[in-house]
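# Analysis of the macromolecular model
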Amino acid sequence: MLKVSIIGATGYAGAELLAILHRHPQVDIAHITSESNTGKEISELYPHFAGIYDMKLESLSDIEKIGADSDFIFIALPHGHAMDVGKKLEKLPVRIIDLGADYRFADTKIYETWYNVEHTHRNAQRVYGLAEIYREDIRTAKIIGNAGCFTTASILALAPLVRHHLIDVGTIIVDAASGVSGAGRSLKLGNHFAELYDNFKAYNVAKHRHTPEIEQALEDLSGEKIVISFTPHLVPMSRGILATCYAKIKDTRTIDAAFQKMYGNEKFIRLLGRGAYPETKFVRGSNYCDIGWHIDERTNRVIVLSAIDNLVKGAAGQAVQNFNIAAGFDEDTALDVVPLYP
């Protein structure tokens, strides 16, 4: 059994982590924290945990003690906080999986530019946590920067095309829509029922912080400098992401084979094939990413569609997948579930 702690257990991603890890046969939850709810039982805040988790939430003030008592720590905090935790724990053998953005970038200057926060743990030994692409690096990493939700759907959709140089990388456009849980649990006017229901809107056009994260991974795969257009949208549902990715085609003949070659043996990527239409409901509550693609011969574009659950494959499930790889467990441990339908 490995002792695992969750820093920031009361956000949606933290609660999803607890739910998934409850199914994990090799995990003992050692500590859970919340600065705003210290001393309360987690089941007070999330009644669906009643009789399952009745642990009390602790404070980060004892982070060194928590680190010394843990084999792995998941950090589910907003950006700007994980690097302080990582720095305080860098001399301990505990391994870290950060669900925020602090450890996602190889170049901390890119992080500082897009997030407007000084990076205080520049020398951290970290890897990018997108298992299907960085699996071997994840196995031995001290710190894993879990991939973001929009980025997971977008990168996985485009990876085979850029790796095999089948598209003009200067023409990539990503249109993606997310359920409201991606915005977190904090109260915001735009997320109120009356504002959100029966509505569909774009936001952070040309400036969303997941843009450079997508570019970084695609550049790693292609070896080329890549600048994309990315537009996120908010839809009136609780969870799910559908990404629609466009690019000009260089070689049509091997597109189907490229997807099969890269993902044919991947547990959590379901290739629906050419002409298919992934839907968020078909992956709800699961760690799957469903991918389908279309060839528009009139415009000479490939259009790739990918669907994930933003709280699972886009956050907590991906974190557990990375944990399984790093700990040497079967990759689907605690994640081998049928999507929730309807």
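Residues numbered from 1 in each chain as written. Predicted model: local features only at pLDDT ≥ 70, side-chain atom pairs only at ≥ 80, totals over all residues. Heavy atoms only, no water.

This part is about the sheet that holds strand E10 (residues 241-248). Taken in spatial order, the seven strands make up an open sheet running E8-E9-E7-E10-E13-E12-E11, and their pairing is mixed. The open sheet has two edge strands with one neighbour each: strand E8 (201-202) and strand E11 (269-274). Looking at chain direction, E8 and strand E9 (residues 229-234) are connected through two bridges and run antiparallel. Paired with Ala202 across the two strands is His233, which belongs to E9. Sheet contacts for helix H7 (residues 149-163): strand E7 (173-178), E9, E10, E11, strand E12 (289-296) and strand E13 (301-308); angle to E13, the most-contacted strand, approximately 140°. (Pairing = 2+ DSSP bridges. Helix = DSSP H or I, 4+ residues; strand = E, 2+ residues; numbered from the N terminus. Contact = heavy atoms within 4.5 Å. Axes fitted to C-alpha atoms, helices over the stretch in contact; angles between N-to-C directions.)

Further remarks concern the pairing of E7. Sheet analysis places E7 next to E9, joined by six bridges and oriented parallel. For Ala176, the partnering residue across the bridge sits in E9 and is Pro232. Where E7 lies against E10, six bridges are found, and the strand directions are antiparallel. Within E10, the residue paired with Ala176 across the bridge is Ala243.

As for its placement among the helices and strands, Glu136 is situated in helix H6 (residues 131-138). Sequence-wise, Glu136 and Leu187 are 51 residues apart; in three dimensions their C-alpha atoms are separated by 39 Å. In terms of polar contacts, Glu136 uses its side chain to reach the side chain of Arg139, at 3.1 Å. (Polar contact = N/O pair within 3.5 Å; in protein donor to acceptor, adjacent residues only side chain to side chain.)

The next subject is the side chain of Lys142. Counting through the fold element by element, Lys142 comes out in the loop between H6 and strand E6 (143-146). Of the side chains bearing the opposite charge, Glu90 lies closest to the buried Lys142, which forms no salt bridge; the N-O distance is 8.1 Å. Of the polar contacts made by the side chain of Lys142, one reaches the backbone oxygen of Val94; its length is 2.6 Å. (Buried < 20%, exposed > 50% of the residue type's maximum accessible area, 1.4 Å probe, protein only. Lys, Arg positive; Asp, Glu negative; His and termini not counted. Salt bridge = Lys/Arg side-chain N within 4 Å of Asp/Glu carboxyl O.)

Scope: geometric values only; no functional claims are made or implied.
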